[in-house]
Structures are given as structure tokens and as C-alpha cells.
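Here are the chains, one letter per residue:
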Protein chains: 2
Amino acid sequence: MIVPKFNLWLERDGKVVLSAWRIHLLEAIEETGSITAAAVMMEVPYRRAWQRLHEMEERLGIPLVETEIGGVGGGGAKLTLKARDLIARFHRFADGLENEIEARYQRTFAEG
Amino acid sequence: MIVPKFNLWLERDGKVVLSAWRIHLLEAIEETGSITAAAVMMEVPYRRAWQRLHEMEERLGIPLVETEIGGVGGGGAKLTLKARDLIARFHRFADGLENEIEARYQRTFAEG
């Protein structure tokens, strides 16, 4: 069975600033409260997760994560309000597009 | 300036069967009448162009190119009717999607 697929992302100066994968990374940080745990969830080395996060911050020019040092549980990472706003916007940006592309596929390939 | 980007392709069993790049390759073969010349146009080694072409034929289960051996000009490659049909369908599949995604971006990111 043939299925349509797509990928969606944002670029600045030819470099990725946001993508479905990067949004998942931010959500994993939010969920786990830690970049280390988020990297495990995303099945990438810590270094990769850290790099992608800092790339996003640099390319967008805004802080996405506040890290807390020490405290109960040994500190952690928390998304900024701006990061949460970007997550919400990206979901609105992508919402329904899968259905739209499936409908396009049905109209153009499934017939005849 | 941040810009939205997307990629669109078709998969069978998790493997790419058609994509914008592969459609360009077919069009380059049609335009030049030769896989060698198409590879130059696409700026890939001949081997890569040949592989992608045969992958497509195998995964779709249909012949896409008829090669002619010898003759005036030393033979060449010609698309099958089915290949031309797939090109036309892929363009209908993708047509207007760039505008749709740009409009989505404006609605969700450009505001506020």
C-alpha cells in the first residue's frame, strides 16, 4: 500500500529553526523536566538534544529553556513561556495538514 | 526572515517511491532523453540517478523508462506513458500546497 508522507519545518537563512522533531524535543523537556531525560525519550545522545536546543535558541534569538541548578531532585529544565507559545503555534500550523494531504492523495493518485 | 518549508513524498512499506526530487529526475530524463544527461542536470553521479530510477520501478512495480540502444545519437532513454501519468498526478498532488502552507504560517506565526 502506498501512503503519502510529508515533513514541515521553519527555516531562517537556510537553517532549520523549528520542525516536528524539534517540537517533540521541547515537549519531552516539558514532560520530563530534564534535558537528559528528554534525550532518552527522543532516543538521541544528550549532546545531540543539547545542541538542537541551543541551535533553536540561537537561531530564533530567544531563550526556550530555563535550567535550575541544585534544589530538591538535583535541578532540572523548564520551558519558557515563549517556548510554550511556539509549541502551540506549531501545532496550529500543522493541524489538519495530514488530512489535507491524504485527501489530495486520494484525489490525485487513488483514482484510475 | 523565517520561512515555512515542506517536503512531500509517497512511501510503500516505509520506503520512498516518489518524491519531488524523484519527479525532477524523471522530468530531466524526459527533457534530455538520457539518464546520463539527467544525472548531470540533477548534479548527482550517474550511479545514483540509475539506482533511484530502478528503485522507483521496483517499488512501484511498473517500468518508467524505455532505453533505446544505438541508433542515431547513440540511443537514449524515454519515459513510459505510465511515468508521464505519475508526473502529472504528483504535480496535481502538490499543486497549491506551498500557498496553503504559507497561508497557515501567516495565520499561526506571523501574527502577535
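The rules we used
Residues numbered from 1 in each chain as written. Chains lettered and ligands numbered in written order. Predicted model: local features only at pLDDT ≥ 70, side-chain atom pairs only at ≥ 80, totals over all residues. Heavy atoms only, no water. Contact = heavy atoms within 4.5 Å. Buried area = accessible area lost by both parts, 1.4 Å probe. Salt bridge = Lys/Arg side-chain N within 4 Å of Asp/Glu carboxyl O. Polar contact = N/O pair within 3.5 Å; in protein donor to acceptor, adjacent residues only side chain to side chain. Helix = DSSP H or I, 4+ residues; strand = E, 2+ residues; numbered from the N terminus. Least-squares fit on C-alpha atoms with pLDDT ≥ 70 in both.

**Concerning the interface of chain A and chain B**
So, point 1. With 33 residues of chain A at the interface, the matching set in chain B holds 33 residues.
So, point 2. Surface buried jointly by chain A and chain B totals about 2900 Å² across both partners, of which 60% is contributed by carbon and sulfur atoms.
So, point 3. In this assembly, chain A and chain B are joined by zero salt bridges.
So, point 4. In this structure, the connection of chain A to chain B is made through 11 residue pairs in polar contact (both at pLDDT 80 or more).
So, point 5. Of all the secondary structure elements, the ones that give two or more residues to the side of chain A that touches chain B are β1 (2-12), β2 (15-19), α4 (81-94) and α5 (97-110) of chain A.
So, point 6. If one sorts the elements of the side of chain A that touches chain B by residue count, β1(A) sits on top with 11 residues.

**Let's talk about the relation of the copies chain A and chain B**
So, point 1. Once chain A has been moved 0.0 Å along the axis and rotated by 180°, it coincides with chain B to within an RMSD of 0.0 Å. Both chain copies can therefore be described as sitting about a two-fold axis. In terms of C-alpha distance to the rotation axis, chain A has A:N7 as its closest residue, with the C-alpha 2.6 Å off the axis.
So, point 2. Comparing contact sets, 100% of the residues at the interface of chain A also lie at the interface in chain B, consistent with an isologous, same-surface contact.

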